[in-house]
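# Observations on the three-dimensional arrangement
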Amino acid sequence: MLFKHWNEFVEPRHHLDAPVMVPNQESLQALPLPTVTVPAGFDWGKVRDCDPDHKIMNPLFNTSHTHAMTRGELVTSLQLNESVVSQAATELSQHWDYRENFPNEFDPASDTREDTKSIVLRLPIVELNGMNTLLISVDENFLKVSPIFTNVVARKLRTLLNTQTKILLVGSSDKIYSTKMVSLNECTLQPPEFITGFLGGMIDELVKNRFSNFKGFIVQSEGPTGFEKLSLESMDELIDFIIDEWSSYNINADAFRENCHKLWKLDGAAMSAQSGLYI
Amino acid sequence: MSSSITLVLPLISTGNVPQLATDLILHSLSADFSFVQDLDSTYLHPFVGPLDYTIDDLQGNGSLGPDTPQLYRDHLATKKFSSALELFANKDKTVYIVQQRTPIVQGYINSFTMEVIIPLIQELQATNVTVLDSYGTLDDIAAPRGAVAELGAATGGNFSNLSIGVCQVKSIADMIENFQTVLNLQLDPDSAVHYTNSLFTFSSNSPLQEISTSQQVFKMAYHILNCPSMTTLKEIKYASLFVHEGDNSVDAMLLCEHLPQLIDAPVLKIEKFKTPVSWKGVYGLNSVPSTMDEGIYI
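These figures come from a predicted structure and were not determined experimentally.

Right, let's get into the interface of chain B and chain A. Residue-level contacts link 58 residues of chain B with 51 residues of chain A. Counting the surface lost from both chain B and chain A, the interface buries some 4400 Å², and carbon and sulfur atoms represent 59% of this. If you list the elements that add at least two residues to the side of chain B that touches chain A, you get strand E3 (48–50), strand E4 (81–83), helix H2 (109–124), strand E10 (193–196) and helix H4 (216–225) of chain B. Among the elements that line the side of chain B that touches chain A, the one with the most residues is H4 of chain B, at four residues. Residues belonging to the side of chain B that touches chain A are distributed by class as follows: 28 nonpolar, 23 polar and seven charged.

Residues and elements named next belong to chain B. For helix H5 (residues 249–257), the complete set of buried residues consists of Ser249, Asp251, Ala252, Leu255 and Cys256. Down the axis, H5 shows its buried residues gathered within 155° of arc, on one side only. Among the exposed residues of H5, those pointing more than 90 degrees away from its buried face are Val250 and Glu257. The elements touched by buried residues of H5 are helix H1 (17–28), strand E7 (128–135), strand E8 (162–168), strand E13 (235–242) and helix H6 (259–262).

Turning our eyes to something else, we now look at the pattern of salt bridges. All names here are of chain A. Applying the stated criterion across every chain yields a total of 14 salt bridges over all chains. Across the pair Glu127 and Arg71 runs a salt bridge whose closest N-O atoms are separated by 2.5 Å. With Glu127 in strand E4 (residues 118–128) and Arg71 in strand E3 (residues 69–79), this residue pair connects regions lying 56 residues apart in the sequence. Judged by its relative accessible area of 11%, Glu127 falls in the buried class. When its relative accessible area of 39% is taken as the criterion, Arg71 is described as partly exposed. Of the charged contacts in the structure, one is a salt bridge between Glu193 and Lys180, with a shortest N-O distance of 3.1 Å. In this pair, Glu193 is assigned in the loop between strand E8 (186–187) and helix H5 (197–208) and Lys180 in strand E7 (residues 180–183), connecting sequence segments 13 residues apart. Here Glu193 falls in the buried class, since its relative accessible area comes to 1%.

Now for the layout of surface pockets. Here the second largest pocket defines a volume of roughly 290 Å³. Lining the second largest pocket are 16 residues, with Cys187 and Leu189 of chain A together with Leu51, Leu64 and Lys80 of chain B positioned closest to its centre. Considered class by class, the residues forming the lining of the second largest pocket number nine nonpolar, four polar and three charged.

Our focus in this paragraph is the packing of H2 of chain B against H4 of chain B. All names here are of chain B. Following both chains from N to C, one finds H2 and H4 inclined at 55°, their axes separated by 10 Å at the closest point. Overall, the two elements H2 and H4 adopt an arrangement that is oblique. The interaxial crossing formed by H2 with H4 has right-handed handedness. Note on element contacts: H4 touches H2 through Gln216, Lys219, Met220, His223 and Ile224, opposite Ile109, Asn110, Phe112, Thr113, Met114, Ile117, Ile118 and Ile121. Here the residues of the contact of H2 with H4 are counted per class, giving eight nonpolar, four polar and one charged.

Criteria and thresholds
- Residues numbered from 1 in each chain as written.
- Chains lettered and ligands numbered in written order.
- Predicted model: local features only at pLDDT ≥ 70, side-chain atom pairs only at ≥ 80, totals over all residues.
- Heavy atoms only, no water.
- Contact = heavy atoms within 4.5 Å.
- Buried area = accessible area lost by both parts, 1.4 Å probe.
- Helix = DSSP H or I, 4+ residues; strand = E, 2+ residues; numbered from the N terminus.
- Nonpolar A, V, L, I, M, F, W, Y, C, P; charged D, E, K, R; others polar.
- Buried < 20%, exposed > 50% of the residue type's maximum accessible area, 1.4 Å probe, protein only.
- Arc of directions from axis to C-beta.
- Salt bridge = Lys/Arg side-chain N within 4 Å of Asp/Glu carboxyl O.
- 1 Å grid on protein atoms, 1.4 Å probe; cavity = no way out; pocket = protein on both sides within 12 Å on 5 of 7 lines; lining within 4 Å.
- Points joined across faces, edges and corners; volume = space filled by probe spheres on them.
- Axes fitted to C-alpha atoms, helices over the stretch in contact; angles between N-to-C directions.
- Parallel < 35°, antiparallel > 145°, perpendicular 65-115°, else oblique.
- Left-handed = near helix turned anticlockwise from the far one by under 90°.

Below, the structure is given as structure tokens:
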């Protein structure tokens, strides 16, 4: 039995959870931005539709009707120089044994120990339907992936794509009250609602660079980035939206709906009350 | 036209007091201030939100008036979203205010200062930079060596919650030459953090008399002073308010009342505070919403 620890430290609200990349707070060195490498020989000019989404939306595209084929990877990497790495090593040697005290919880430091010289984020580029529709699924996780990675990916995608390309953003946010549709000329968010994470960064890039043909569909979710839970209503709204968007592909709506629900449950994205009688 | 141009920079700090104070300045003085441009937010946590407005911007029927939200009145045709980092200015372009809605990504404070803030100071040809900050009892890097405990003793009882320090940039060349020696760094054995009391000259009734090298304001000052092409800047003013985290809207009002001390511009006297609608249910005396317990800042 694990007792709830009594001395839980309440983090100030202006501190956001994110991986610690430079443990030395006194450093005056500028850190380089991660670099994004795209697959060689890939013709981005031919892309008509692009769907950069969060990984939790994969069930919507991971079905037989999409005929998905992997076309390569967007590789985002950050090389930390030796002085940063050695500081990291010093810091880690003094690290309090998190696992000993909280064996059932995830230790955010454990990942940085494995590779302190290079941090890499790989995003598969999937082609759907053989129709020049690309799906770029971003595996975000507030404990493992620094927002700087998703920021540079959003910026790179913006430079690769034409401002006239049809871009569909499907995602979720725990900072909104209801389902939102956004585009260049329409913002249905009401203060204090907002969108963060890769989705927020991508919308920001597209808006600032006047991408006239993008559409965002964002449903309400619960939980931090990488651990979102969707309600049945949100799932159904997403499914209806995709069926509508892909109406020309004659999707079997019932089978598609059932398949999506099943995949979301397998992904652990369904709220606990919807995951069945047994745990 | 006045020869002084002031740039106000709110840091992300305890209770988000500088952001709230910036909201109050901009919305209370929205007749004079307006949006200028979005700034590069690559180094910040991503953010996109709606345009914020005050209740006063609404018409009687609850819809927004024809020229609202007031702050964005000149850009409403093209601007539908607010971003993580925005620049506002008053009508005669003597005071520029940055609103920063999300923290800097861990490890990128130096890059942010060198690639976003310094080019902005140069572009605006700012003569004064005012940095707004706040700190609390648990803030060991910003409240060095028992400064909070000795709040009264340090100032002989005549203390203010607000610490104001000034860095005179009279001769950049001299400063650069002497920078390493004049810093006079001291190590606090309890926190292993270095402090300096020679970069900013604090007023006698300030509880803070020194800053640490871990603080964002130190890094900002360091990079600004080490930038050889910084020709117009004369002064960096630093103001840090002692707060307890909670509903910090009143702290923000308190900080705004000190604006005449911090910014040499008569326009910054706020007669009536106006709060943005994004505060509703989050700060102040309104009811707390059932599903969202945070404001527009993450």
